[in-house]
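# A closer look at the structure
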Amino acid sequence: MITVSTEPAYQSPAVTIATTLPQSGLDSTVLIVGVVSGDPDSPEATPTVLGSEFLSAEAVAEIEKALVALGAKGGAEQVTRLVAPSLGVGSVLAVGLGKPRDEWPADVIRKAAGVAARSLNGTEAVLTTLSEVDLEATVEGLILGSYRFVDYRSAKTAPKDKGLSSITVLASGKDAKKRAQRATAVATAVATARDFVNTPPSHLYPAEFAKRAKALGSSVGLEVEVLNRKALEEAGYGGIVGVGKGSSRPPRLVRLVHRSGRKDAKTVALVGKGITFDTGGISIKPAASMHHMTSDMGGAAAVIATVVLAAQLELPINVIATVPMAENMPSATAQRPGDVLTQYGGTTVEVLNTDAEGRLVLADAIVRACEDNPDYLIETSTLTGAQTVALGARIPGVMGSDEFRDRVAALSQSVGENGWPMPLPDELKDDLKSSVADLANVSAQRFAGMLVAGVYLREFVADGVQWVHLDVAGPAYNTGGPWGYTPKGGTGVPTRTMFAVLEDIADKG
Ligand code: BES
Ligand code: MN
Ligand code: ZN
């Protein structure tokens, strides 16, 4: 008999708030404290525990003495494990915060919490005073750093793959509970996006992705609509159908709607690229890194996670997600370089390179999204290798309407996802001229590839809609080692940027 475990391999840690340091029951708990590297101008500087109203002066002195004995300096993200018997905890993990500051940027705390969580994965219970500085950043960092993806391991889960089980944050403010819940919801949304990205293309193909998005959306009360290939063909979604036709696994278009229920609420459209695997199609990619293209639905993953989060946290705006899903494969039924297709809405396109497929599915989705007359449109995609050439693996390119672009980039930086504004020069449109159709899908020259893709998308945004395009080709998927609160694999970027923008619009319009 085969026994299948019904227990999930990994569960997000439970978060509890404590208003005082528990006096007992901490034997197997690890206390996480932040330490500052001391006066940078003094060569004898020793690390100091970041001021804590929750720890006695003796306990702080004990920790600081141990740090000196161990040669710990309190450099940013350095971790030191020590015992401090007077505290009654099993052990202490001191995480460095770097030089002293008057204000602690949220991402310094978030990264420190993330590093601490990663070094403690497999630990049952942690308790922390970092939350005194920034409760939300601490909770987000701990949950994000604790993330594991072990769904496809057959072997018994290793302890470290269990992440953290329980997190207790010390906090005194009266709205602490609400803030911790919000941070937990945000981190859980990021984990949802990461799970989608990390699910292999064998298991996540358009129909399955649509099914999971629908189940998730329905569970939080979103209106859900799924168009299958036949419906897409009939309605004229030439981009989605064209990209999907090389695959035995047909494309989908998923729509998830969060309605605020308020009369004058703003409407924000979200659009995310959902290529469940990108071989390049007939313009096939080289083998070397092709497996990274499991991440080519990172935009879709983040968009789905964001609209679900908007519903969970009852944002007082309307949010409508439009998510095209397709698998870009070479086959006898695939589109060819030189084919002409008609995007939803009527624009004809000469497909000179089948590997520039993202813009084809996105153009259809953008036109559909604009039919809802949104005030704002946020589109995100793993769109171009040129994004990583220009900005590297950690910085999303932010393009679009000047004012909204700068607002989105600033918010992205404030949440630590670090989007950077980039231009959409008008002259690049000339590079997309086709001799047979309205547009070509690629430019003949190789410069400014990220911007050319943005210029292509701009053609499909309705007049009067404030819009941005977030190119997250590098940032959505970490091909290097883990850092801060970012694991290897799916990162969940730009979920927190988009959610920050939605909150800002809910607040200021
Ligand atoms: N999905 C890729 C972009 C990508 C590259 C994402 C690296 C993540 C990491 C996209 O569909 C693509 O293939 N873009 C082409 C565009 C080119 C043909 C104009 C590219 O970047 O090479
Ligand atoms: Mn491609
Ligand atoms: Zn792609």
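Residues numbered from 1 in each chain as written. Chains lettered and ligands numbered in written order. Predicted model: local features only at pLDDT ≥ 70, side-chain atom pairs only at ≥ 80, totals over all residues. Heavy atoms only, no water.

## Notes on the coordination of the manganese ion (ligand 2)
For a metal bound by four donors in a tetrahedral arrangement, the ideal donor-metal-donor angle is 109.5 degrees, while six donors in an octahedral arrangement ideally sit at 90 or 180 degrees. Distances from the manganese ion (ligand 2) to its protein donors, D278 (OD), D355 (O), D355 (OD) and E357 (OE), fall at 2.0 to 2.2 Å. Taken together, the 6 donor atoms coordinating the manganese ion (ligand 2) span angles of 70 to 167 degrees at the metal, a pattern that classifies the geometry as irregular. Between the donor residues of the manganese ion (ligand 2), the gaps in sequence give the motif D-x76-D-x1-E. In this model, the manganese ion (ligand 2) sits 3.2 Å from the zinc ion (ligand 3), the two metals being bridged by D278. Remark: D355 occurs in the loop between β14 (348-351) and α9 (358-370) and D278 occurs in strand β11 (residues 274-278); sequence separation between them is 77 residues. Overall, the relative accessible area of 3% leaves D278 in the buried class. For D355, a relative accessible area of 23% translates into the label partly exposed. (Donors = N, O, S within 2.8 Å, 3.2 Å for Na, K, Ca; no water. Tetrahedral: all angles 85-135°; square planar, octahedral: opposite > 155°, others 65-115°. Helix = DSSP H or I, 4+ residues; strand = E, 2+ residues; numbered from the N terminus. Buried < 20%, exposed > 50% of the residue type's maximum accessible area, 1.4 Å probe, protein only.)

## What to know about helix α1 (residues 57-70)
With 14 residues, α1 extends 20 Å from end C-alpha to end C-alpha; this agrees with the ideal 20 Å at 1.5 Å per step. Of the residues trailing α1, G71 is marked for its positive phi of about 75 degrees. (Expected span 1.5 Å × (residues − 1).)

## Points about the UniProt feature "binding site: Mn(2+) 2" (unreviewed entry) in the chain
UniProt records the feature "binding site: Mn(2+) 2" (unreviewed entry) at K273, D278, D296 and E357, using the numbering of this structure. Separation in sequence by 85 residues is not matched in space for these annotated residues, since their most distant C-alpha atoms are only 11.3 Å apart. Excluding residues that lie within four positions of it along the chain, D278 makes contacts with K285, M290, M293, D296, N328, D355 and E357. Here E357 lies in the loop between β14 and α9. Those residues within four positions of E357 in sequence are excluded, and the remaining contacts are V243, K273, I275, D278, D296 and N328. (UniProt positions renumbered as here; feature names shortened; annotations may be inferred. Contact = heavy atoms within 4.5 Å.)

## Notes on the sheet that holds β14
In space, the 3 strands of this open sheet follow the order β13-β14-β18, with mixed pairing throughout. Strand pairing shows two members of the sheet lacking a second neighbour, β13 (339-342) and β18 (439-440), which therefore form its edges. Relative to β14, β13 is paired through 4 bridges, and the arrangement is antiparallel. Note that in β14 the partner of T342 across the bridge is T348. (Pairing = 2+ DSSP bridges.)

## Here we look at the side chain of S381
Residue placement: S381 occurs in strand β15 (residues 376-381). The exposure class assigned to S381 is buried, which follows from its relative accessible area of 0%. Here E379 takes part through its side chain, which lies 2.6 Å from a polar atom of the side chain of S381. Excluding anything up to four places from it in sequence, S381 contacts K273, G299, L362, H469, L470, D471, V472 and A473. (Polar contact = N/O pair within 3.5 Å; in protein donor to acceptor, adjacent residues only side chain to side chain.)

## A short note on the coordination of the zinc ion (ligand 3)
Listed as protein donors to the zinc ion (ligand 3) are K273 (NZ), D278 (OD), D296 (OD) and E357 (OE); their distances from the metal cover 2.0 to 2.4 Å. The coordination sphere of the zinc ion (ligand 3) comprises 6 donor atoms, whose angles at the metal cover 78 to 172 degrees; the geometry is octahedral. We note that the donor set of the zinc ion (ligand 3) lies within a single chain, spaced as K-x4-D-x17-D-x60-E. Taking relative accessible area as the criterion, E357 reaches 0% and is therefore assigned buried.

## Describing the packing of aromatic side chains
In the structure shown here, the tally under the stated rule is 5 aromatic pairs. Aromatic pair Y456 and F460: ring centres 5.2 Å apart, planes at 40 degrees, arrangement tilted. Judged by its relative accessible area of 0%, Y456 falls in the buried class. On the basis of relative accessible area, F460 is assigned to the buried category, the value being 6%. The side chain of R194 reaches across the aromatic face of Y147, ending 5.2 Å from its centre. It is R394 that lies over the ring of W483; its NZ or CZ is 3.6 Å from the centre. (Phe/Tyr/Trp six-rings, centres within 6.5 Å; stacked < 30°, edge-to-face > 60°. Lys NZ or Arg CZ within 6 Å of the ring centre and 35° of its normal.)

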